[in-house]
Structures are given as structure tokens and as C-alpha cells.
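Here are the chains, one letter per residue:
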Amino acid sequence: MALTAYDVLFAQLVEEAQMDLILIGDSLGQVVLGYSSTIPVTLDEMIHHGKAVRKGAPHSFLVLDMPFMSYQVSTEDALRNAGRVLKETGVQAVKLEGGSIATTRAAEALVRAGIPVMGHLGFTPQSVHALGGYRVQGREEASAERLRHQAIALEDAGCFAVVLELMPAALAEEISRSLTIPTIGIGAGPGCDGQILVLYDALGLNVGFQPKFLKKFGDLHSDARKALDAYVDEVRGGSYPAPEHTFSEKP
Ligand code: KIV
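Residues numbered from 1 in each chain as written. Predicted model: local features only at pLDDT ≥ 70, side-chain atom pairs only at ≥ 80, totals over all residues. Heavy atoms only, no water.

Engineer: I'd love a proper account of the layout of surface pockets, names of residues and values included.
Structural biologist: Put simply, the largest pocket is a space of about 540 Å³. Residue lining of the largest pocket: 30 residues in total, with S27, Q30, P125, E165 and V198 positioned closest to the centre. Mapped onto the lining of the largest pocket, the elements with two or more residues apiece are α2 (28-31), β6 (161-165) and β8 (194-197). In terms of residue class, the lining of the largest pocket is built from 14 nonpolar, 10 polar and six charged. Taken as a whole, the second largest pocket encloses approximately 350 Å³ of empty space. What lines the second largest pocket is a set of 20 residues, among which G98, G99, T124, S127 and L131 lie closest to the centre. Counting residues per element, the ones that place at least two in the lining of the second largest pocket are β5 (117-122) and α6 (141-157). (1 Å grid on protein atoms, 1.4 Å probe; cavity = no way out; pocket = protein on both sides within 12 Å on 5 of 7 lines; lining within 4 Å. Points joined across faces, edges and corners; volume = space filled by probe spheres on them. Helix = DSSP H or I, 4+ residues; strand = E, 2+ residues; numbered from the N terminus. Nonpolar A, V, L, I, M, F, W, Y, C, P; charged D, E, K, R; others polar.)

Shown next, in the form of C-alpha cells:
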């Protein structure tokens, strides 16, 4: 079972909930930095948040997303950038998106260099433009077949797990059964070995985002609004700060 985290306090909460894996996802581009996709996210931004999550979750197994164009240009680039990630953040592993030959080669080179790699197939957000938008992958036989082959290629490259995102449940289950490494699903049905969600989506903080697969396990947006409204009312009404919140001259 896995969730994302991006900062120290939420990382503490997620660690307390005993996740098998915490992902510092490049979804932080959207849910933390306000970009319209994950494409603008930089390696420095990922490292900045990776360090914070490590501080909040010192005992967890952390995986950090390599951002767009930090591993696609060459294996040398991938090695240099993933090496920086491990040295500077203290995470144990990185995640690469897609199953192209270049990505599979990069995964293989990282694994050979001692850097554990998690794969990511199906809807891969860094390729949103190439995939024609946010949509379920693998519905046509040709694309399902490509995903089956890519999953095996990533396992052969040495990946220790693969995220399967937005694909028919039957295909995700079939891929999961064909691999010896675990699959972690998001919008890929119950047949995966594990599940992952973006933390703020799962907590109900991201009000505008409601894809079919998403269950909101909390309603933090309304809880936070209630707390903020109470703060405004009490400060305006003069009931906060009360004597118990106020320092006197003598201790
Ligand atoms: O960036 C992210 O949060 C992810 C998960 C959705 C798997 O890649």
C-alpha cells in the first residue's frame, strides 16, 4: 500500500499510517506548485521536496519521481540525475515513466549502478500530450499488447515494482499475474498487488478533481474551511486570543 507525500508534516502522518512505500510524486507540480501538468517540474524541485519528506518519514521506504527530461536524453544523464537524487535526499529508489526503449535502458543502467527503480506504465502523466490527454490506456488490443510487453521489459531491466495507471482492470490483473515483481495500481482496479493514490486526492483536499477511480477517504477541504471560518469569526469577534492564550508579565 502506498501514498504520495511532499512535505514534512504530511510525511509524518503517512509514515504513522504505516505505508509500505511513500512516493514523492512529480504530481507535486499540480497539487503543490500549481502547474497545469507534471511537465514543468524540475529536478531541483523534486530534490527539495524529497529532503522534506525524508525528514518527516525517516523510517519509510521512499521512492522519488524522476521529472520529465531528467532521464530520457541519455543514460549518462539518467545516472547523473538519479545519483544526485539518492545522495541529496536520502530516498531509496527512483521512479521512471513509460516503457520506451530509452526508458528501459535507463532503468537497466540505474539498476546496474545500484539504484533501485520502479517503473510506471499506462497513463504516464509526463507524456500527457503524446497520449492525447488524460485518458484510460490499453483499451485497444494493440495498446494492451504494447503494455504487456513493456511490463515484461521493465521487469527484465531490473525494476523492483511497476505502477499501472488508468487501465482496464482485466488488463492490469493480467499484467500483474504475468510479472514476478509487484504492481501498484492507480485507476487500474483491484487486481494489482498494491494501490497508490495522490495523498491530497485521498484526503479530499483537491476538491475539483474527481476521476471515476478516486475514492476520497476524508473531507479535509471542508474540515480546513470550518477551522479557517472559526478562526476568522473568533479573531473578528474578539474571543481569540483568550486569557489562556495570552502571556502575562510574570511567568
Ligand atoms: O506523481 C505521482 O503522484 C504518481 C502517482 C500518481 C503514481 O506518479
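Engineer: A description of the environment of E16 should follow, citing residues and the corresponding values.
Structural biologist: Relative to the helices and strands, E16 is located in helix α1 (residues 8-16). For the pair E16 and A57, spaced 41 residues apart in the sequence, the C-alpha separation amounts to 8.5 Å.

Engineer: Describe the packing of helix α4 (residues 75-89) against helix α5 (residues 101-112), and please don't skip the residues or the numbers.
Structural biologist: At a minimum axis distance of 9 Å, the contact between α4 and α5 shows a crossing angle of 50°. The pairing of α4 with α5 is recorded here as oblique in orientation. In the packing of α4 onto α5, the handedness of the crossing is right-handed. Every residue of α5 that contacts α4 at T75, A78, L79 and A82 is listed here: R105, A106, A109 and L110. (Axes fitted to C-alpha atoms, helices over the stretch in contact; angles between N-to-C directions. Parallel < 35°, antiparallel > 145°, perpendicular 65-115°, else oblique. Left-handed = near helix turned anticlockwise from the far one by under 90°. Contact = heavy atoms within 4.5 Å.)

Engineer: Quick one: what's the story with the environment of D26, residue by residue and with numbers?
Structural biologist: As for its position among the elements, D26 is in the loop between β2 (21-24) and α2. Judged by relative accessible area, which is 2%, D26 ranks as buried. As a C-alpha pair, D26 and A224 span 198 residues in sequence and 24 Å in three-dimensional space. (Buried < 20%, exposed > 50% of the residue type's maximum accessible area, 1.4 Å probe, protein only.)

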